[in-house]
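Descriptive analysis of the structure
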Amino acid sequence: MALKLSYFDIRGLAEPIRLLLVDKQVAFEDHRIARDQWPEIKPKMIFGQVPCLLSGDEELVQSGAILRHLGRVHGLNGSNETETTFIDMFYEGVRDLHNKYAQMIYGNYENGKEAYIKETAPGELARLEKLFRTYKNGEHYVAGDKESYADYVLFEELDIHLILSPTALDGTPALKKFHERFAERANIKGYLNKRAALNPPVNGNGKQ
Ligand SMILES: N[C@@H](CCC(=O)N[C@@H](CS)C(=O)NCC(=O)O)C(=O)O
């Protein structure tokens, strides 16, 4: 089934999806929408927004729904109801952190960045660290030995926090090690090297 992922030429909400597809060696068209093309494309999108994954004739939108779909299709959704719920819960926790990050990036970068780094992020990351240690003390993946879609979202979230502040993960050693391990996965490493050369913005307003 041909896959086409449409999003802007930034990392944003599409990057965990791209990472999952690259890691699982799923061929896809990485369609990057130029800003001047957007007014024409927007009205055609179900919610007027992207990311959008076209899978054959099926149009999938909402980043969480796309990730869960890919999780089910590629065996990245846990082995039982307990694991699947844990993965969903972890994903939602990361999304909550991302929403706080995005509020600062888009709404209060100049005045709010330092407080976010010193006050907001450490507490949020500490909660995730504790949850991450639930399975196998956080020595492998979110749900233990087996990868899940939440790993890609977590990796990207940690990565953008390290861009914001290189010491962001110093208080959360399990998350820090996870980030290091995940970056070394062969397909991820190859993608990160290529991406570094292109250096797409992390966020739509160029702040990071
Ligand atoms: N809940 C949606 C949010 C999608 C969203 O906010 N997309 C933004 C880019 S990150 C967008 O399409 N902005 C352009 C617009 O709204 O016109 C999801 O998770 O996919």
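Owing to the predicted nature of the structure, the values given are computational and were not obtained by experimental measurement.

**Here's the deal with the overall build of the chain**
Summing up its helical and strand segments, the chain has eight helices and four strands in all. Written out in order from the N terminus, the α and β elements of the chain read β-α-β-α-β-β-α-α-α-α-α-α. Radius of gyration (C-alpha) of the chain: 17 Å, near the 17 Å computed for a compact globule of 208 residues. Out of the 208 residues belonging to the chain, those deemed buried represent 49%. Intrachain contacts of the chain at a sequence separation of at least 6 include 68% that bridge at least 24 residues. About 10400 Å² of surface is accessible on the chain, with carbon and sulfur atoms providing 51% of the total. Both charge centroids of the chain, one from 27 positive and one from 30 negative side chains, sit 2 Å from each other.

**Concerning the UniProt feature "domain: GST C-terminal" (unreviewed entry) in the chain**
In the numbering adopted here, UniProt assigns the feature "domain: GST C-terminal" (unreviewed entry) to residues 80-202. Between the C-alpha atoms that bound residues 80-202 the distance is 34 Å, and the span itself is 74% helix and 0% strand.

**Considering the side chain of Arg11**
Mapped onto the elements of the fold, Arg11 is located in the loop between strand S1 (3-8) and helix H1 (15-23). Arg11 gets classed as buried once you look at its relative accessible area, which sits at 5%. With near-sequence residues (within four places) excluded, Arg11 lies in contact with Arg18, Glu156, Asp159, Ile160, Ile163, Arg195, Pro200, Pro201 and Val202.

**Some words on helix H3 (residues 63-73)**
Within H3, eight of the 11 residues are buried, which leaves it mostly tucked inside the rest of the structure. Those residues of H3 that sit buried are Ser63, Gly64, Ile66, Leu67, Arg68, His69, Leu70 and Gly71. Check the buried side of H3 and you find it contacts H1, strand S3 (52-55), strand S4 (58-61), helix H4 (81-107) and helix H6 (149-164). Gly75 sits one or two residues past H3 and shows a positive phi near 65 degrees.

**With respect to the pairing of strand S2 (residues 29-33)**
Within a regular strand, side chains alternate between the sheet's two faces. Here S1 runs beside S2; their pairing, made up of five bridges, is parallel. Its bridge partner being in S2, Ser6 is matched across the sheet by His31. Following the backbone out of S1, through H1 and into the adjacent parallel S2, one traces a crossover that is right-handed.

**A word on the site of the ligand**
Neighbouring the ligand are the residues Tyr7, Phe8, Leu13, Trp38, Lys42, Gly48, Gln49, Val50, Pro51, Gln62 and Ser63. A distance of 3.3 Å is found between an oxygen atom of the ligand and a side-chain nitrogen or oxygen belonging to Gln49. For the ligand, a nitrogen atom lies 2.6 Å from a polar atom in the side chain of Gln62. The protein chains hide 69% of the 510 Å² of surface that the ligand would expose on its own.

**Side note on the packing of helix H5 (residues 109-132) against H6**
Packing of H5 against H6 leaves a shortest axis separation of 11 Å and a crossing angle of 145 degrees. Considering the relative orientation of H5 and H6, their crossing is left-handed. On the side of H5, the interface is formed by Tyr109, Lys113, Tyr116, Ile117, Ala121, Leu125 and Phe132, while H6 contributes Leu154, Leu158, His161 and Leu164. The residue makeup of the contact of H5 with H6, split by class, is nine nonpolar, one polar and one charged.

Basis of the calculations
Along each chain, the written sequence defines residue order, and numbers are assigned to residues from 1. Only residues with pLDDT of at least 70 are given local features in this predicted model, and only at 80 or more are side-chain atom pairs given and counted; all residues enter the totals for whole chains, interfaces and linings. Computation of side-chain values covers all heavy atoms of the structure but excludes hydrogens and water. Strands here mean DSSP runs of E at least two residues long; helices mean DSSP runs of H or I at least four residues long; both are numbered from the N terminus. The quantity called the radius of gyration is restricted to C-alpha atoms. Its globule counterpart is 2.2 Å times the number of residues to the power 0.38. Throughout this description, buried means an accessible area under 20% of the type-specific maximum (1.4 Å probe, protein chains only), exposed means over 50%, and partly exposed covers the range between. Whether two residues touch is decided by their heavy atoms; if any such pair falls within 4.5 Å, the residues are in contact. Every accessible area reported is derived by Shrake-Rupley at a probe size of 1.4 Å, with residue values counting cover from the shown protein chains alone. His is not counted, nor are the chain ends, whereas Lys and Arg count as positive and Asp and Glu as negative. To locate a charge, the coordinates of NZ of Lys, CZ of Arg, CG of Asp or CD of Glu are taken. UniProt positions are given in the numbering used here, feature names are shortened, and annotations may be inferred rather than shown by experiment. Two strands qualify as a pair provided DSSP detects at least 2 bridges between them. Here a crossover is taken to be right-handed if, once the strands point away from the viewer, the path from the first strand over the helix to the second is traced clockwise. Each residue is tested against the molecule or strand, and it is near if at least one of its non-hydrogen atoms lies within 4 Å. Polar contact criterion, stated in full: a pair of N or O atoms within 3.5 Å, where within protein one must be able to donate a hydrogen and the other to accept it, and residues adjacent in sequence count only if both atoms are side-chain atoms. For helices, the fitted line uses only the C-alpha atoms of the stretch in contact; every axis is such a line through C-alpha atoms, and the angle between N-to-C directions lies from 0 to 180 degrees. Handedness of each helix crossing follows the sense of rotation of the near helix against the far helix: counterclockwise by less than a right angle gives left-handed, clockwise gives right-handed. The classification used treats Ala, Val, Leu, Ile, Met, Phe, Trp, Tyr, Cys and Pro as nonpolar, Asp, Glu, Lys and Arg as charged, and all other residues, Gly among them, as polar.

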